[in-house]
Amino acid sequence: MIERTLFGPDHEAFRDAFRRFMDKEIAPFHEAWEEQGYVAREVWTKAGQNGFLCMSLPEEYGGSGADLLYSVIQFEELWARGFTGIGWGLHSEIVAPYILRYGTEAQKAHYLPRLASGEMIGAIAMSEPAAGSDLQAVRSTALKQPDGSYLLNGSKTFITNGWHADLVIVVAKTDPAGGAKGTSLFLVERGMPGFEKGKRLKKLGLKAQDTSELFFDGVRLPAEALLGGAAQENRGFVCLMEQLPWERLQIAISAVAASQAAIDQTVAYVKERKVFGQPVGAYQNTRYTLAALQTEVQVAQVFVDKCIELLMAEKLDTATASMAKYWTSDLQCKVMDECVQLHGGYGFMWEYPVTRAYADARVQRIYGGTNEIMKEVIARAMGLPGR
């Protein structure tokens, strides 16, 4: 296998420390969390106490000023172990960066230290019953009132961390007639009158990750709740587009890590499992199938590592990130299907990690923009005419 050159000794020491944390604070409980549909709140505060949340934030806001490779390691390790209920990635590398990049100084000082400590859990509310990948179709509105406040109405669905969330970045139309140019982002806190959380949604996979509906019925937001203040009104869509490359690369990172883990588990299984007197791994079909999968995952890893390098140099564009997201998530589903097949009947049993990985993989082709949308983004970047 090609040696990865992204990580230095400090990164690998962090990986070891994070693995020990997972062994102690996540592994013994994740199965129970899958049964109840959400992780314990305590694991968030313990992560904050150990410096595992919002690591890339500057120290003045409670982070450690770490480079993004530390977050990459977290994505890899959590998905390799199947600990997909942990919503720290969205909290630390989507919600917090929005506030850091676009928030006012008062918003950053108020929210970021609380997110870094785990005192507050963050979510972002984009998807609606009639608006998923097409964010221009958002119907939620936040209309400005004579006193300068905003009146928020609408509903959101499929919101990761939604049930636990203390702070939600809500995408809403401040100018309903303005299309994408009329979109703004708002900071909405748990307990605000008119803000209600719906049921936790039952899903095919990611069963320990709390995902819920959110409802906003006449929520009166002060002017200070507009992310970035007046200067960012009607610029929400621009903000969303600017953050997409990193968000989509996160999916690609997790897809490759999960795929490699499934291959490793399957190799171990077929060495031990015997059929007609010999190990399953001795049959040519098994060996060639796994050899082909390993080759494709190795190719994907090299591409994703290059994308990470581009990200670190602030050169990763949306089209390249979309290629990584679509290719690796398609590959992840292919790998899981083949690995389940090689496990035979045991591949259909929930107690086996490969079965959970199979269920968890399917949504990767949907969220972050469906893979069909990824191809559209890539085609447009190529200058191909469209509708």
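Residues numbered from 1 in each chain as written. Predicted model: local features only at pLDDT ≥ 70, side-chain atom pairs only at ≥ 80, totals over all residues. Heavy atoms only, no water.

A. Quick peek at the overall build of the protein chain. Each helix and strand in the protein chain was counted, giving eleven helices and nine strands. The C-alpha atoms of the protein chain give a radius of gyration of 21 Å, which matches the 21 Å a tight globule of 387 residues would have. If one aligns the C-alpha atoms of the protein chain with their principal axes, the spans along those axes are about 80 × 50 × 40 Å. Contacts in the protein chain between residues at least 24 apart in sequence constitute 74% of all its contacts with a sequence separation of at least 6. Computed over 40 positive and 46 negative side-chain charges, the separation of the two mean positions in the protein chain equals 4 Å. (Helix = DSSP H or I, 4+ residues; strand = E, 2+ residues; numbered from the N terminus. Rg over C-alpha atoms; globule rule 2.2 N^0.38 Å. Contact = heavy atoms within 4.5 Å. Lys, Arg positive; Asp, Glu negative; His and termini not counted. Charge placed at Lys NZ, Arg CZ, Asp CG, Glu CD.)

B. Quick look at the pattern of salt bridges. Scanning the model with the defined rule gives 19 salt bridges in all. With a closest N to O distance of 2.9 Å, glutamate 77 and arginine 19 form a salt bridge. Of the two residues, glutamate 77 is situated in helix H4 (residues 69-80) and arginine 19 in helix H1 (residues 9-25); the sequence distance between them amounts to 58 residues. Judged by its relative accessible area of 36%, arginine 19 is partly exposed. The network of salt bridges with shared partners includes Arg4, Glu12, Arg15, Arg19, Glu76, Glu77 and Asp305. (Salt bridge = Lys/Arg side-chain N within 4 Å of Asp/Glu carboxyl O. Buried < 20%, exposed > 50% of the residue type's maximum accessible area, 1.4 Å probe, protein only.)

C. Spatial organisation of unusual backbone geometry. In this structure, leucine 206 takes a positive phi of about 50° despite not being glycine. For leucine 206, the position within the fold is in the loop between strand S6 (195-200) and strand S7 (211-221). On the accessibility criterion, leucine 206 (4% relative accessible area) is buried. The phi dihedral of glutamate 314 falls on the positive side, at around 60°, and the residue is not glycine. Along the chain, the position of glutamate 314 falls in the loop between helix H8 (284-312) and helix H9 (318-342). A relative accessible area of 74% places glutamate 314 in the exposed class.

D. Main features of H4. In a regular helix each residue adds 1.5 Å, so twelve residues correspond to 16 Å; H4 covers 16 Å between its end C-alpha atoms and thus fits that length. Of all twelve residues in H4, eleven are buried; the element is thus mostly enclosed. Listing the buried residues of H4 in full gives Leu69, Tyr70, Ser71, Val72, Ile73, Gln74, Phe75, Glu76, Glu77, Leu78 and Trp79. Looking at the packing, one finds that the buried side of H4 touches H1, helix H5 (88-102), helix H7 (236-272), H8, H9 and helix H10 (353-361). Positive phi shows up at glycine 82, right after H4, with a value of about 80°. (Expected span 1.5 Å × (residues − 1).)

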